[in-house]
Amino acid sequence: MDPLLSLGISALIVVSSLRLLREALHGLMEGTPFNLAPEEVGRALATAPGVASVHELYIWSVAPEQVVPSVHLVVHDLRQWETVLDARHTLLTERFGIHRATLQPEPGKFTVFSPSIPSTSYARR
Ligand SMILES: [Zn+2]
């Protein structure tokens, strides 16, 4: 193929990819609906039995009026995870109207290092 032609096609692909990416990012970066306070969600998740603390809490906006939190929960006993998970999903639904969430269980000593994203921690009070 003509090198200039293939360069042109590559440029077109890059431009359309960037456009798609920008649209996707725009969706992700939109503000949290429902006037939802991440601090309040974090504290609520960190309280009640089974959880020592909460970190890496992000509340993603996936559609207007629809959010999906993702969060790490440091649990006292991983064998109790099923109970803890159940209780947290109930809490998110009843108190915040959130029906889907990604909750990651962690033993106390385990930490995840993510240099590029600031982490938010909520200790139990
Ligand atoms: Zn973690």
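Everything discussed here concerns the structure shown above.
Computed from a prediction, not measured in an experiment: that's the story for all the values here.

> I'd like a description of the overall build of the chain, backed by residues and values.
In terms of regular secondary structure, the chain is built from 3 helices and 4 strands. Secondary structure of the chain in N-to-C order comes out as α-α-β-β-α-β-β. By the burial criterion, 16% of the 125 residues in the chain qualify as buried. Of the contacts formed within the chain by residues at least 6 apart in sequence, a portion of 64% connects residues at least 24 apart.

> Could you give me a rundown of helix H2 (residues 38–46), with the residues and numbers involved?
What H2 keeps buried is the set Val 41, Gly 42, Leu 45 and Ala 46. Buried residues of H2, viewed axially, fall in a sector of 130 degrees; they line one side. For H2, the exposed residues set more than 90 degrees away from the buried face come down to Glu 39 and Glu 40. Just past H2, the residue Ala 48 takes up positive phi, approximately 75 degrees.

> Tell me about the environment of Arg 88, residues and numbers included.
For Arg 88, the position within the fold is in helix H3 (residues 81–96). Sequence separation of Arg 88 and Ala 48 is 40 residues, and the distance between their C-alpha atoms is 9.1 Å. Those residues within four positions of Arg 88 in sequence are excluded, and the remaining contacts are Leu 45 and Leu 103.

> Tell me what's going on with the environment of Leu 57, and back it up with residues and numbers.
By the secondary structure assignment, Leu 57 is in strand E1 (residues 51–63). According to the C-beta neighbour criterion, Leu 57 is buried, with 20 such atoms within 10 Å. Sequence separation of Leu 57 and Glu 39 is 18 residues, and the distance between their C-alpha atoms is 9.2 Å.

Scoring rules and cut-offs
Residues numbered from 1 in each chain as written. Predicted model: local features only at pLDDT ≥ 70, side-chain atom pairs only at ≥ 80, totals over all residues. Helix = DSSP H or I, 4+ residues; strand = E, 2+ residues; numbered from the N terminus. Buried ≥ 20, exposed ≤ 12 C-beta atoms within 10 Å, placed from the backbone. Contact = placed C-beta atoms within 7 Å. Arc of directions from axis to C-beta.

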